[in-house]
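Examining the three-dimensional arrangement
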Amino acid sequence: MHHCSSAMYLLLRCLRGCSRHSRIRIPRRLKRLVSYIKLIFNSLYFNSLINSEVVMDSILEPVFWTVEVITRWFGMVFVVLVVALTSSVVFIAYFCLLPLVLHTYPPAWIFWHICYGHWNLVMIVFHYYKATNTPPGNPPKMKSDVPFVSVCKKCVIPKPARTWLNNCVGHFNHRYFFSFCLYLTLGCLYCSVSGRYLFLDAYSAIDEISQPPYTYKDRMFHKSVIYMWVLTSTVAVALGALTLWHAVLITRGETSIERHINNKEAKRMAKHGKVYRNPFSYGKLNNWKVFFGVEKRSHWLTRVLLPSGHAPYGDGLTWDVYPLKKDIMPV
């Protein structure tokens, strides 16, 4: 494109030179045509919106497309994997551990394990279903008065404020996603803590060579206990870290992108002796109330500790300050 522009520039100089020496006036229509062609060539490789980042994005577009296709298929594999692993743990709990609990534990502990285990399972299944089947919300494609902070490079449409990454988690299913991570972490911790002695006994039984040979049923029981404990302990650590990170963001009233922006703004204003305040944070407790949709005391039970399909505040495009500045529920 640079060579084409240079050639066009030389052509114009040649025409100007010829007109000066031969005193031949170039027709105005020809001048307009040459100017229009030059404008077309320039617009192919340069305009006021293009920078090095846009050029790199254009060059790497095939790579982005390949990654998107792979992640789309990986998402399906991940769903199947989550369902399969969760089902395997539930199967072991019902057919291996529950009979043992019923025969060895006192009635109070039996009641506790049955009630907590089923409540935790219901919360996991409910929030996983809602998180995967609730649309996250989409920015408007038509012209509107909604303020935006940037332009999505993939959709080529304005991105509203507080936009999340990609399109899997958004304003309308963020609560379901976080609750799924939270209750799955609690479930894994429950299995890991309550099954630690069973794991040690099963591991010792398999490790001991001098022990009499076990039956096939005994060996499968020991291997199932070890599999469940290792799986739930690993997931509890990995998913617990992700859940804790999201809990910090919710407490601060930030998204993951806003955390980086707010940190930069805080440092920039600190140099001028000023303190930066996050405009979307309304206090630690109020941030949790807004996130869970708690408007009265009973909502801590009906909307947090029990399955609830209520919609979040707002539309995810505009954020009103007035209802959030006031305390939603007296503490």
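Residues numbered from 1 in each chain as written. Predicted model: local features only at pLDDT ≥ 70, side-chain atom pairs only at ≥ 80, totals over all residues. Heavy atoms only, no water.

As annotated in an unreviewed UniProt entry, the protein carries the name Palmitoyltransferase and is attributed to Danionella cerebrum. UniProt's Sequence similarities (unreviewed entry) comment on the protein is quoted here verbatim: "Belongs to the DHHC palmitoyltransferase family." The UniProt entry for the protein carries this comment under Catalytic activity (unreviewed entry): "L-cysteinyl-[protein] + hexadecanoyl-CoA = S-hexadecanoyl-L-cysteinyl-[protein] + CoA". (UniProt positions renumbered as here; feature names shortened; annotations may be inferred.)

Quick word on the overall build of the protein
Counting secondary structure elements, the protein contains 12 helices and 2 strands. Taken from the N to the C terminus, the helices and strands of the protein come in the order α-α-α-α-α-β-β-α-α-α-α-α-α-α. When the 331 residues of the protein are sorted by exposure, 29% land in the buried category. The long-range fraction of contacts in the protein, counting pairs at least 24 apart against all pairs at least 6 apart in sequence, stands at 73%. Put simply, the protein shows about 23400 Å² of open surface, and 68% of that area lies on carbon and sulfur atoms. (Helix = DSSP H or I, 4+ residues; strand = E, 2+ residues; numbered from the N terminus. Buried < 20%, exposed > 50% of the residue type's maximum accessible area, 1.4 Å probe, protein only. Contact = heavy atoms within 4.5 Å. Areas by Shrake-Rupley, 256 points an atom, 1.4 Å probe, with all protein chains shown as cover.)

Notes on helix α8 (residues 216–252)
With 37 residues, α8 ought to run about 54 Å at 1.5 Å a step, and its terminal C-alpha atoms sit 53 Å apart, in line with that. Bending of α8 peaks at approximately 25 degrees at the position of Gly 240. Taken from the residues just after α8, Gly 253 is the one with a positive phi, measuring 70 degrees. (Expected span 1.5 Å × (residues − 1). Bend = angle between axes of the 7 residues up to and from the residue.)

Quick word on the pattern of salt bridges
Within the structure shown, the criterion is met by 3 salt bridges. With its nearest N and O atoms 2.9 Å apart, the salt bridge here joins Glu 254 to Arg 252. On the basis of relative accessibility, which here comes to 36%, the residue Arg 252 falls in the partly exposed class. Measuring nitrogen to oxygen at the nearest pair gives 3.7 Å for the salt bridge that ties Arg 259 to Glu 254. Here Arg 259 and Glu 254 have matching classes, each one buried. Residues joined in a network through salt bridges with shared partners are Arg 252, Glu 254 and Arg 259. (Salt bridge = Lys/Arg side-chain N within 4 Å of Asp/Glu carboxyl O.)

What to know about a positive patch on the surface
Residues Arg 25, Arg 28, Arg 29, Lys 31 and Arg 32 make up a contiguous surface patch of positive charge. Secondary-structure assignment places Arg 29 in helix α2 (residues 28–45). Relative accessible area serves as the criterion here: at 74%, Arg 29 is assigned to the exposed category. (Patch = residues over 30% accessible without salt bridge, like charges linked within 9 Å, V, L, I, M, F, W, Y side chains within 5 Å. Lys, Arg positive; Asp, Glu negative; His and termini not counted. Charge placed at Lys NZ, Arg CZ, Asp CG, Glu CD.)

As for the nonpolar core
Phe 178, Phe 180, Leu 184, Trp 288, Phe 291 and Phe 292 are the most contacted members of the largest nonpolar core, which has 19 residues in total. Mapped by element, the contributors of at least two residues to this core are α5 (107–133), α6 (174–194), α8 and α10 (284–292). Looking at this core, the element that brings in the most residues is α6, giving 6 residues. Ignoring sequence-local partners within four residues, the contact set of Trp 288 consists of Phe 178, Ala 247, Ile 250 and Thr 251. (Core = buried A, V, L, I, M, F, W, Y, C linked by side-chain atoms within 4.5 Å.)

Things to note about the environment of Pro 307
Relative to the assigned elements, Pro 307 resides in the loop between α11 (299–305) and α12 (322–325). Separated by 131 residues in the primary sequence, Pro 307 and Tyr 176 place their C-alpha atoms 9.8 Å from one another. Other than its neighbours up to four places away in sequence, Pro 307 contacts Val 122, Met 123, Phe 126 and Thr 302.

Some words on the side chain of Asn 262
Checked against the element boundaries, Asn 262 lands in helix α9 (residues 256–270). Side chain to side chain, Asn 262 and Glu 254 meet in a polar contact 2.8 Å long. Those residues in contact with Asn 262, other than ones at most four positions away along the chain, are Glu 254, Tyr 276 and Asn 278. (Polar contact = N/O pair within 3.5 Å; in protein donor to acceptor, adjacent residues only side chain to side chain.)

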